[in-house]
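Spelled out, the chains give:
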Amino acid sequence: MLARLLMRLIADMLFETAASRNRSYEAEVDRYLEAQGFVLDRKARPAVR
């Protein structure tokens, strides 16, 4: 039971770290694109396929 709890805590930490890095990467790409003159509209919806 204690091992299962420990595994869940470790998994939560790993997933949160991965999500945080993904958000950081997206922010860096946005800064780069804006520096290159692209206008980013975050409220725009993606095209429907």
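Structure's up top.
An account of the accompanying structure is given in this report.

Thresholds, definitions, all that
- Residues numbered from 1 in each chain as written.
- Predicted model: local features only at pLDDT ≥ 70, side-chain atom pairs only at ≥ 80, totals over all residues.
- Heavy atoms only, no water.
- Helix = DSSP H or I, 4+ residues; strand = E, 2+ residues; numbered from the N terminus.
- Expected span 1.5 Å × (residues − 1).
- Salt bridge = Lys/Arg side-chain N within 4 Å of Asp/Glu carboxyl O.
- Buried < 20%, exposed > 50% of the residue type's maximum accessible area, 1.4 Å probe, protein only.

**A word on helix α1 (residues 2-35)**
Piece 1. Taking 1.5 Å per residue as the helical rise, α1 with its 34 residues ought to reach 50 Å, and the 50 Å between its terminal C-alpha atoms agrees with that figure.
Piece 2. In the segment just after α1, glycine 37 is the residue with positive phi, at about 100 degrees.

**A look at the pattern of salt bridges**
Piece 1. Overall, the coordinates contain two salt bridges when judged by the stated rule.
Piece 2. For the salt bridge of glutamate 16 with arginine 23, the shortest nitrogen-to-oxygen distance reads 3.2 Å.
Piece 3. Glutamate 16 sits in the partly exposed class, given a relative accessible area of 46%.
Piece 4. The residue arginine 31 makes a salt bridge to glutamate 28 at a minimum N-O spacing of 2.7 Å. Of this pair, arginine 31 and glutamate 28 both sit in helix α1, three residues apart, which is roughly one turn of the helix.
Piece 5. Classification of arginine 31 as partly exposed rests on a relative accessible area of 49%.

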